[in-house]
Amino acid sequence: MDKRTPTVSVIVPNYNYACYLEERLFSILNQTFQDFELIFLDDASTDQSVEVLNRYKDNLHVSHIVVNEKNTGSPFRQWMKGILLAKGEWIWIAEADDLCEPDFLETCLEQVRLYPDVSVCMAASRFINEKGEVLQAEANYWGKKKPKEPARCFSGKEYAERNMYWNNCVINASGVLFRRSYALCLSHSIFLNMRYSGDWVFWFQMLLQGDMVEVYRELNYFRQHTLKVSMEGINTGNRIKEDIDTYVLMENTFPHIKSYKRRLAHGMLYRKVKKLRNKEKQEELSRYLLEQLGGKASDLRLFHMNQYVRWIFPWIITVSRDRIKK
């Protein structure tokens, strides 16, 4: 790659996705916007991934090929490794097994340039299966209620407090363009020590620094696998623990959040704990939830009651009513 600073740094983190890499790199290299560098990060793959990546070492877009000797076990440490290597104003973490439309970069850049202080720009996504077939399940938090305009811009802090508080609205890093200078501020964030909820923390902390743009075109394709790390985290309870830690961070950031809203969120967490099959893990996480957030069984009862009374009292807070909409 030449020495000129690119507009976008495309980070491709990979672990054992050799079977998808050629198609993925084709979707990146054939973007209608071409002012980008490519950073390949391989986390000690045991398949033919490194061989595939090395075929592109002479491509003018490629600035780094970094192959770990040992697997880090942390996708988020790989993210930060790429962010620290990046030179572009904007970063796109293009996961190795996902796909995109040819105008993903062009469309997102058009939108971020309309507003003075964008931190995160998220395009709409579709799920695909291991064969690349588009699935019917809705991939975006707004569901079928997609706004008519092409995009919307939201206050980052308000979006963090009212949207990200309930769950991670950013379904897939591959569908996001974000500002490098803000990401560099998170080089010592707690998200780096997480395995399951680190992306939730990362996007939350990014939005504390600048605004969110939602693009309502399906430009990203998020591949679903039969065996997923996220499901492993749910079944063991490890993801729930990280979710609790995420809520501690968010509630410390926004101490003015009202008790009723907190209790609803704590009830949602308690419901996840009660679904665990391992009774010992249930008890352990129940204690942890109580110690860290004061969450208890009565919060789950409040959450269930809220599902009924919301139809009677249109003013009562619910997850959907609390989300900011324009």
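A brief report on the enclosed structure follows. All of these numbers come straight from a predicted model, not from anything done at the bench.

Thresholds, definitions, all that
- Sequence order as written defines residue numbering, which begins from 1 separately in each chain.
- Thresholds applied to this predicted model are a pLDDT of at least 70 for local features of residues and 80 or more for the giving and counting of side-chain atom pairs; totals over whole chains, interfaces and linings are not thresholded and use all residues.
- Only heavy atoms go into the side-chain values, all of them from the structure, while hydrogens and water stay out.
- Side-chain rings of Phe, Tyr and Trp (the six-membered ring for Trp) are treated as a pair once their centres are within 6.5 Å; stacked means planes under 30 degrees apart, edge-to-face means over 60, and tilted covers the remaining angles.
- We call a residue buried when its accessible area falls under 20% of the maximum for its residue type, exposed when it is over 50%, and partly exposed in between, using a 1.4 Å probe and counting protein chains only.
- Each helix is a run of H or I in the DSSP string that is no shorter than four residues. Each strand is a run of E no shorter than two, and both are numbered from the N terminus.
- By definition, being over a ring means that NZ of Lys or CZ of Arg is both within 6 Å of the ring centre and within 35 degrees of the ring normal.
- Should any heavy atoms of two residues lie within 4.5 Å, those residues are considered in contact.
- Whenever two N or O atoms come within 3.5 Å, that pair is a polar contact, provided that in protein one can donate a hydrogen and the other can accept it, and provided that, for residues adjacent in sequence, both atoms are side-chain atoms.
- Axes, fitted as lines to C-alpha atoms, cover a helix only where it is in contact. Angles between the N-to-C directions of the axes lie from 0 to 180 degrees.
- Roughly parallel means an angle under 35 degrees; roughly antiparallel means over 145; roughly perpendicular covers 65 to 115; every other angle is labelled oblique.
- Nonpolar residues are Ala, Val, Leu, Ile, Met, Phe, Trp, Tyr, Cys and Pro. Charged residues are Asp, Glu, Lys and Arg, and all others, Gly as well, are polar.
- Using only the protein atoms, space was sampled on a 1 Å grid; points where a 1.4 Å probe fits but cannot get out form cavities, open sets with protein on both sides within 12 Å along at least five of seven lines form pockets, and lining residues are those with an atom within 4 Å of a point.
- Grid points are joined across faces, edges and corners, and a volume is the space filled by probe spheres set on the points.
- Just to be clear on terms, a salt bridge is a Lys or Arg side-chain nitrogen sitting within 4 Å of an Asp or Glu carboxyl oxygen.
- Remark: nonpolar core denotes a set of buried residues (Ala, Val, Leu, Ile, Met, Phe, Trp, Tyr, Cys) joined through side-chain atoms within 4.5 Å.

Further remarks concern the packing of aromatic side chains. For any pair of aromatic rings, the description consists of the separation of the ring centres together with the inter-plane angle of the planes. According to the stated counting rule, one finds 19 aromatic pairs in the structure shown. With a centroid separation of 5.8 Å and 55 degrees between ring planes, the pair formed by Tyr17 and Tyr20 is classed as tilted. When its relative accessible area of 24% is taken as the criterion, Tyr17 is described as partly exposed. When its relative accessible area of 11% is taken as the criterion, Tyr20 is described as buried. Ring centres of Phe204 and Phe254 lie 6.0 Å apart, and the angle between their planes is 90 degrees; this geometry places the pair in the edge-to-face category. With Phe204 in helix H7 (residues 198–207) and Phe254 in the loop between helix H9 (238–253) and helix H10 (259–274), the pair connects residues that are 50 residues apart, well separated along the chain. Exposure remark for Phe254: the relative accessible area of 8% places this residue in the buried category. Through a chain of ring-to-ring contacts, three or more aromatic side chains come together here, namely Phe76, Trp79, Phe178, Phe191, Phe202 and Trp203. Note that Arg179 overlies the ring of Tyr182, its terminal NZ or CZ placed 5.7 Å from the centroid.

Looking at the secondary structure, you find Asn68 in the loop between strand S3 (62–67) and helix H3 (75–85). Here the alpha-carbon distance between Asn68 and Glu214, two residues 146 residues apart in the chain, equals 34 Å. Not counting residues up to four positions away in its chain, the partners in contact with Asn68 are Asp42, Asp43, Ala44, Gln78 and Lys81. At a separation of 3.0 Å, a polar atom in the side chain of Asn68 contacts the side chain of Gln78.

Closest axis-to-axis distance for the H10/helix H12 (residues 297–309) pair is 7 Å, and the angle between their directions is 105 degrees. With respect to H12, the axis of H10 lies roughly perpendicular. In contact with Tyr260, Arg263, Leu264, His266, Gly267, Met268, Tyr270, Arg271 and Lys274 of H10, H12 contributes Ala297, Ser298, Asp299, Leu300, Leu302, Phe303 and Asn306. Within the contact of H10 with H12, the residues separate by chemical class into eight nonpolar, four polar and four charged.

Attention now goes to the layout of surface pockets. Roughly 510 Å³ of internal volume is contained in the second largest pocket. Looking at the second largest pocket, it is lined by 24 residues, and the ones nearest its centre are Tyr141, Trp142, Ser320, Arg323 and Lys325. The set of elements that each furnish at least two residues to the lining of the second largest pocket consists of strand S7 (151–154), strand S9 (211–223), H10, H12 and helix H13 (319–322). Residues belonging to the lining of the second largest pocket are distributed by class as follows: eleven nonpolar, six polar and seven charged.

A few words now on the pattern of salt bridges. Evaluation of the coordinates by the stated rule reveals 14 salt bridges. Two residues, Lys241 and Asp245, come together in a salt bridge whose shortest N-O distance is 3.5 Å. Taken together, the residues span about one helical turn, with Lys241 and Asp245 both in helix H9 at a distance of four residues. Salt-bridge contacts for Lys281 lead to Glu284; the nearest nitrogen and oxygen are separated by 3.5 Å. Of the two residues, Lys281 and Glu284 both sit in helix H11 (residues 279–293), three residues apart, roughly one turn of that helix. A residue is classified by how much of its surface remains accessible, and Lys281, at 19% relative accessible area, is buried. For Glu284, a relative accessible area of 36% gives the class partly exposed. What emerges from the salt-bridge pattern is a single network uniting Glu158, Arg162, Lys261 and Asp322.

A separate point is the nonpolar core. In terms of nonpolar packing, the biggest core is built from 63 residues, with Tyr159, Met164, Phe178, Phe191, Phe202 and Trp203 touching the most fellow members. Take this core: its biggest share by element is seven residues, from H7. By size, the runner-up hydrophobic cluster in this structure holds 34 residues, among which are Cys100, Phe104, Leu105 and Cys153.

The quantities given are spatial measurements derived from coordinates; they are silent on function.
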